[in-house]
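Listed here are the chains, written in short residue letters.
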Amino acid sequence: MRARKLGGLHRSRGTLPPKRVSLQSAAEILALLEQVAGELVVLDPGLSKAGALALVAGAALRCVEGGALEARIAALEGRRAS
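Caption draft 1: Local environment of the packing of helix 2 (residues 26–43) against helix 3 (residues 48–81). One way to put it is that helix 2 packs onto helix 3 with a least axis distance of 9 Å and a crossing angle of 165°. For the element pair helix 2 / helix 3, the angle class is roughly antiparallel. Where helix 2 crosses over helix 3, the two elements pack in a sense that is left-handed. Along the contact surface, helix 2 presents Ala26, Ile29, Leu30, Leu33, Val36, Ala37, Leu40 and Val41, while helix 3 presents Lys49, Ala52, Leu53, Val56, Ala59, Ala60, Cys63, Val64, Gly66, Gly67 and Glu70. When grouped by side-chain class, the residues that make up the contact of helix 2 with helix 3 number 15 nonpolar, 2 polar and 2 charged.

Given below as structure tokens:
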């Protein structure tokens, strides 16, 4: 029992070093969410994965919708400036 506990405490999860990400646009945020979803599918075992994926998918959907609005506003501002 003690060996199992120690093995669990000292097991490496293989985490990646953090990298700097930019969250200035909907496209950048969506790219990050896609990366997180991919890592969840591969790395995270268990039932909590379904909830985490649902959360990431919902955030991604809102990001896509926001990106579409961002593009429409830019187009309208471009027309107004002409």
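Caption draft 2: Quick peek at the nonpolar core. One finds Ala26, Leu33, Leu40, Val56, Ala60 and Cys63 forming the largest nonpolar core, which totals 6 residues. Within the residue set of this core, elements represented by two or more residues are helix 2 and helix 3. Sequence-distant contacts of Cys63, that is, excluding residues within four places in its chain, are made with Ala26, Ile29, Leu30 and Leu33.

Conventions and cut-offs
Residues numbered from 1 in each chain as written. Predicted model: local features only at pLDDT ≥ 70, side-chain atom pairs only at ≥ 80, totals over all residues. Heavy atoms only, no water. Axes fitted to C-alpha atoms, helices over the stretch in contact; angles between N-to-C directions. Helix = DSSP H or I, 4+ residues; strand = E, 2+ residues; numbered from the N terminus. Parallel < 35°, antiparallel > 145°, perpendicular 65-115°, else oblique. Left-handed = near helix turned anticlockwise from the far one by under 90°. Contact = heavy atoms within 4.5 Å. Nonpolar A, V, L, I, M, F, W, Y, C, P; charged D, E, K, R; others polar. Core = buried A, V, L, I, M, F, W, Y, C linked by side-chain atoms within 4.5 Å. Buried < 20%, exposed > 50% of the residue type's maximum accessible area, 1.4 Å probe, protein only.

Taken by themselves, the reported measurements are silent on function.
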